[in-house]
Amino acid sequence: LPQKKTAPPTSKSSCKDCREKINKVLEQYSEDWKKQDEHFQKFRSQLSTKCHGLEKATITQANTPVGTKLVYDGEKKRTLQVNPEIFSTFFKGHPFPNKTWHTCAVVGNGGILVNSSCGKMIDSAEFVIRCNLPPLSNGYEKHVGIKTDLVTANPSILLEKFGALMGRRRKFVESMRSYGNSLLLLPAFSYGHNTPVSLRAFYTLEDFESPVQPIFFNPGYLHNLALFWRSQGLRTIRLSTGIIMTSLALELCDNVQLYGFWPFDFHPYSFQTLTNHYYDDRKTKTKFHAMPDEFSHLLRLHSQGVLKLHLGDCK
Ligand code: CDP
């Protein structure tokens, strides 16, 4: 019989290397956590000085008038001059009205959430941010919650799951129902091919009168945020959605709690193998993202009392 090359370690005893790796990570992590207001304020003010997330994270009719030249953050040579038609798709008003939230939960999609029972705790946050249209029903609710105030959508999902919104669109609109009347944040001006599909998402939601409110990332903000993290020592081609949303949350919220951030194959406490996402095992594109490096920055912020990273179960 042909032999399998390697059997993935499935039990504690077969996971020696990963134990060492995980123990190293855990050395810097303590479940006992207290917010250090001085550190928090310092980090927030560095972020807001360089990125101005409160006013500039998203495109609005107020901050991006007709005639503005948008520079795509993923393709620096590509620009787009805002015309009245595109302008009409921009958010009217301010998505983050002049106040900060008391507590925000930023929910990453890591397999660490499986059987975590963190749903209630996540939903108790005043503002809940999720990434990449994650599934919330079919038994996930208990572990990831259901409340959603802001959810991002990578256009690749729209291409793969909804035929790039070129055909019938009802399925897309129906699948948005689980996100209530949340903001749907799209990186419409990161790469050229993101723009038409993001506009189709906008028109679809408007035409079907969906309560979900589409809004576009401001490419200038994403550019500044990449520079900010580079200045913090993070080397990556593209920031992951999770670190982008965490950064925004640090400007928007006085208490930031992270769930579902754990870019490793084994659970930190049970050492059970984990899938990459709580809902599938699709791997991260390591060519673009450096999630373990990002994670060490998040871990540092946890240790400094800037944000709280949840790794354990919430029972
Ligand atoms: O689109 P992207 O690859 O950035 O994200 P995703 O796989 O949909 O997951 C959302 C976010 O959760 C990521 O951007 C990471 O920050 C975080 N994540 C993690 O920390 N550990 C994992 N195993 C998977 C995701």
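Preceding this paragraph is the structure being described.
Parameters at a glance
Residues numbered from 1 in each chain as written. Predicted model: local features only at pLDDT ≥ 70, side-chain atom pairs only at ≥ 80, totals over all residues. Heavy atoms only, no water. 1 Å grid on protein atoms, 1.4 Å probe; cavity = no way out; pocket = protein on both sides within 12 Å on 5 of 7 lines; lining within 4 Å. Points joined across faces, edges and corners; volume = space filled by probe spheres on them. Helix = DSSP H or I, 4+ residues; strand = E, 2+ residues; numbered from the N terminus. Nonpolar A, V, L, I, M, F, W, Y, C, P; charged D, E, K, R; others polar. Near = heavy atom within 4 Å. Polar contact = N/O pair within 3.5 Å; in protein donor to acceptor, adjacent residues only side chain to side chain. Areas by Shrake-Rupley, 256 points an atom, 1.4 Å probe, with all protein chains shown as cover. Sits in = over half its atoms within 2 Å of the grid points. Buried < 20%, exposed > 50% of the residue type's maximum accessible area, 1.4 Å probe, protein only. Pairing = 2+ DSSP bridges. Contact = heavy atoms within 4.5 Å.

Caption draft 1: Quick look at the layout of surface pockets. Considered as a void within the structure, the largest pocket measures approximately 1400 Å³ in volume. If you trace the largest pocket, you find 48 residues lining it, with Asn132, Asn154, Ser156, Thr241 and His289 closest to the centre. Every element with two or more residues in the lining of the largest pocket is listed here: helix H7 (155-161), helix H11 (241-252) and helix H12 (291-303). Among the elements that line the lining of the largest pocket, the one with the most residues is H7, at 6 residues. Residue composition of the lining of the largest pocket, grouped by class: 22 nonpolar, 18 polar and 8 charged. Lining the second largest pocket we find 13 residues, and of these Pro263, Asp265, Asn276, Thr284 and Thr286 sit closest to its centre. Looking at the lining of the second largest pocket residue by residue, the class counts come to 6 nonpolar, 5 polar and 2 charged.

Caption draft 2: Seen up close, the site of the ligand. Around the ligand lies a shell of 17 residues, among which Asn109, Asn132, Gly242, Asn276 and His277 are the nearest. Ser240 has a polar side-chain atom sitting 3.1 Å from an oxygen atom of the ligand. In this structure, a nitrogen atom belonging to the ligand sits 3.5 Å away from a main-chain N or O atom of Pro263. Considering the ligand on its own, with 500 Å² of exposed area, one finds that the protein chains cover 92% of that surface. Judged by its atoms lying within 2 Å of the grid points, the ligand is housed in the largest pocket.

Caption draft 3: Structural detail: empty space enclosed by the protein. Counted according to the given criterion, the structure contains 1 cavity of 30 Å³ or more. In this structure, the largest cavity occupies an estimated 50 Å³ of space. Lining the largest cavity are Ile112, Leu113, Ser116, Cys118, Gly260, His310, Leu311, Gly312 and Asp313. Here the residues of the lining of the largest cavity sort into 4 nonpolar, 4 polar and 1 charged.

Caption draft 4: Focus on the pairing of strand E4 (residues 127-130). Neither face of E4 is open: one carries Phe127 and Ile129, the other Val128 and Arg130, and all of them are buried. Where strand E3 (residues 101-107) and E4 come together, 4 bridges link them in parallel fashion. Within the sheet, the bridge partner assigned to Val106 lies in E4 and is Ile129. One ladder, built from 2 bridges, connects E4 with strand E5 (residues 150-152); its direction is parallel. Opposite Arg130, over in E5, you have Val151 as the bridge partner.

Caption draft 5: Local environment of the environment of Phe43. Relative to the assigned elements, Phe43 resides in helix H2 (residues 37-51). Other than its neighbours up to four places away in sequence, Phe43 contacts Phe228, Trp229, Gln232, Leu250, Leu301 and Val306.

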